[in-house]
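Architecture at a glance
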Amino acid sequence: MTKKRTQDYKKHIGQIPGTLIYTGKKSDKDFQVECFDYTKKDIEESILLNIEDAINYKDTDSVTWINVDGLKHTNQIENIGKQYNLHPLVLEDIVNTTQRPKIDEYDDYIFVVLKMLYYDKNETIVIEQVSFVLGKNYVITFQESEGDVFDTIRERLRLCNGRIRGLKSDYLMYALIDAVVDNYFSIIETLGNKIEDLETELFAGNARDNINTEVQQLKREILKVRRAIFPLREIISRIEKGEHPLIYKRTITYYRDIYDHLIQVSENIDIYREMIWSLMDMYMTTISNKMNEVMKVLTIMSSIFIPLTFLAGIYGMNFEYIPELKTHNGYFILLGVMLIIFISLLFYFKRKKWL
């Protein structure tokens, strides 16, 4: 991960500001432009075969959502930028998938970058960058590849559910960001379940050999989620408190609701972060307890056999004049004394609750 991140940074060293360099991994994905153009009464859904067709939706009376998949195709991204007069630095941030979530406000549009999170089929967390360009009557989203959390928004547009088709583009961007934030809750719930399972296992004393690896992996996941989500609070706060003409006052309340959700998600992340540190301490405590149990058994065994070894050592000396050596039943008497000492020590340890 560190090596990959270093290589991504090196790609930008010495480059002219505004140079489009894709830093993601999904380089084999096709370029696709999905378009929803709608009013309160009508909607047109299409796949744009030519990127030049996107300019037709720039100055219409309807609201348009243009969803671009495939950031590897920097030439196509640059063409869209020219059509909608996007700043070269905006285009550079769009294809730079290591960009920290942020918001930039321009005179005629707002640029927002955030991270979309989801789990793949291997239960590995995937972080994908999504960029938004909000104009007067359009929203352009840029994704690395197909597959996102916006299916519910597409259905609401098709079926005219709710107020989405009756409001402006600022509400459309709210709905898209809200879908991303709502998916954060499923990520947090999955992380919580993983932590609770590990906690239950450790409390039961079942410390598997690889459980420390799972705890470390879970800690890395939480840090990745925290790094992706926390900057979004600042973005929504700026939208909520700003006075950009593209954000209408009636929509501010909805953005404030997103901010409340982000506070809740952030609090859960902090709680889980503390819990995962506690899990590591609990794991180390479990290992120490097991080691103490082993040392306790070995110490008790040594304590029992020390006096027996002492007696055996005395009568194993090679002096000729040892009085008990001439005793007819001396061997059996010594074994009896050893047995009495053995039983007495067992009784004593049991009474002290060391056994």
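Up top is the structure.
Keep in mind it's a predicted model, so treat the numbers as computed, not measured.

1. A word on the sheet that holds strand β3 (residues 63-69)
Strand order across the open sheet formed by seven strands is β2-β1-β3-β7-β6-β5-β4, with mixed pairing between neighbours. Strand pairing shows two members of the sheet lacking a second neighbour, β2 (43-48) and β4 (102-105), which therefore form its edges. Within this sheet the neighbouring strands show an average axis-to-axis angle of 20°, counted without direction. Here 10 bridges tie strand β5 (residues 110-119) to strand β6 (residues 125-134), and the two strands are oriented antiparallel to one another. Considered in β6, the bridge of M116 is made with E128.

2. What about the layout of surface pockets?
In this model, the second largest pocket occupies a volume close to 280 Å³. Forming the boundary of the second largest pocket are 20 residues, of which T60, D61, S62, K136 and N137 lie nearest the centre. When the residues that make up the lining of the second largest pocket are grouped by side-chain class, the tally is seven nonpolar, five polar and eight charged.

3. A few points about the side chain of E221
With respect to the helices and strands, the residue E221 is situated in helix α6 (residues 211-241). The class of E221 is buried, set by a relative accessible area of 5%. Not counting chain neighbours up to four residues away, the residues in contact with E221 comprise Y119, E123, I125, L191 and K194.

4. Focus on empty space enclosed by the protein
This structure, assessed with the given rule, holds one cavity of 30 Å³ or more. In terms of lining residues, the largest cavity is bounded by I103, E105, I110, R238, I239, G242, E243, H244 and I247.

5. Topic: the pairing of β6
A large share of β6 lies buried, amounting to nine of its 10 residues. Between β5 and the antiparallel strand that follows it, β6, lie five residues; E123 among them carries a positive phi value of about 60°. Here β6 pairs with strand β7 (residues 138-143) via five bridges, running antiparallel. Counted as the bridge partner of F132 is T141 from β7. The loop that links β6 with its antiparallel partner β7 comprises three residues.

6. Side note on the pairing of β7
For β7, the tally of buried residues reaches six of six residues, placing the bulk of the element in the interior. Here β7 shows two buried faces, one formed by Y138, I140 and F142 and the other by V139, T141 and Q143. With six bridges connecting them, β3 and β7 associate as parallel partners. Looking at the pairing, I66 lines up with I140 of β7.

7. Overview of the packing of helix α7 (residues 249-314) against helix α8 (residues 330-351)
Running from amino to carboxyl end, α7 crosses α8 at an angle of 160°, the nearest separation of the two axes being 10 Å. Comparing their axes, α8 and α7 come out roughly antiparallel. The element α7 and its partner α8 pack so that their crossing is right-handed. Seen from α7, the contacting residues are I300, S303, I304, P307, L308, L311 and A312; seen from α8, they are L334, V337, M338, I341, F342, L345, L346 and F349. Broken down by class, the residue content of the contact of α7 with α8 amounts to 14 nonpolar, one polar and no charged.

Reading the values: rules and limits
Residues numbered from 1 in each chain as written. Predicted model: local features only at pLDDT ≥ 70, side-chain atom pairs only at ≥ 80, totals over all residues. Heavy atoms only, no water. Pairing = 2+ DSSP bridges. Helix = DSSP H or I, 4+ residues; strand = E, 2+ residues; numbered from the N terminus. Axes fitted to C-alpha atoms, helices over the stretch in contact; angles between N-to-C directions. 1 Å grid on protein atoms, 1.4 Å probe; cavity = no way out; pocket = protein on both sides within 12 Å on 5 of 7 lines; lining within 4 Å. Points joined across faces, edges and corners; volume = space filled by probe spheres on them. Nonpolar A, V, L, I, M, F, W, Y, C, P; charged D, E, K, R; others polar. Buried < 20%, exposed > 50% of the residue type's maximum accessible area, 1.4 Å probe, protein only. Contact = heavy atoms within 4.5 Å. Parallel < 35°, antiparallel > 145°, perpendicular 65-115°, else oblique. Left-handed = near helix turned anticlockwise from the far one by under 90°.

All quantities given are derived from atomic positions and should not be read as evidence of function.
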